[in-house]
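Coordinate inspection notes
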Amino acid sequence: MRYFDYETVASEAKIPTDKLAVLAKSVRQDFPIDDMLYELHLMRVCSAIQAGFVSLEKTLHLGKAA
């Protein structure tokens, strides 16, 4: 079951598929069994990148530090 269309938001934010996979892996670590929260937080990250609140590079760097 899909809860949120984070892939469309990622596409609109021009996040490459390979980078989205890295973001998804990082977010999944925080929500290993809750699919709804996982998708919500992944969509929020993509929305923040799209809106210019944070850069993709900064977000990827933060994900590696966690």
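A few points on the structure. The model shown is predicted, which means the values in this text are computed figures rather than measured ones.

Our next topic: a nonpolar patch on the surface. On the surface, Met-1, Tyr-3 and Met-36 cluster together into a nonpolar patch covering about 370 Å² of accessible area. Here Met-36 is to be found in helix α3 (residues 35–51).

With 16 residues, the main nonpolar core has Ile-15, Leu-20, Leu-23, Tyr-38 and Leu-42 as its most contacted residues. Not counting residues within four places of it along the chain, the set of residues in contact with Leu-42 comprises Tyr-6, Leu-20, Leu-23, Ala-24 and Val-27.

The next point concerns the pattern of salt bridges. Overall, the coordinates contain 3 salt bridges when judged by the stated rule. A salt bridge links Arg-2 to Glu-7; its shortest N-O distance comes to 3.7 Å. The class for Arg-2 is partly exposed, based on a relative accessible area of 48%. A salt bridge links Asp-35 to Arg-28; the shortest N-O distance between them is 2.9 Å. Accessibility expressed as a relative area gives 35% for Asp-35, which makes it partly exposed. Here the salt bridges do not stand alone but share partners, grouping Arg-2, Glu-7 and Glu-39 into one network.

Rules behind the numbers
Residues numbered from 1 in each chain as written. Predicted model: local features only at pLDDT ≥ 70, side-chain atom pairs only at ≥ 80, totals over all residues. Heavy atoms only, no water. Patch = residues over 30% accessible without salt bridge, like charges linked within 9 Å, V, L, I, M, F, W, Y side chains within 5 Å. Areas by Shrake-Rupley, 256 points an atom, 1.4 Å probe, with all protein chains shown as cover. Salt bridge = Lys/Arg side-chain N within 4 Å of Asp/Glu carboxyl O. Helix = DSSP H or I, 4+ residues; strand = E, 2+ residues; numbered from the N terminus. Core = buried A, V, L, I, M, F, W, Y, C linked by side-chain atoms within 4.5 Å. Buried < 20%, exposed > 50% of the residue type's maximum accessible area, 1.4 Å probe, protein only. Contact = heavy atoms within 4.5 Å.

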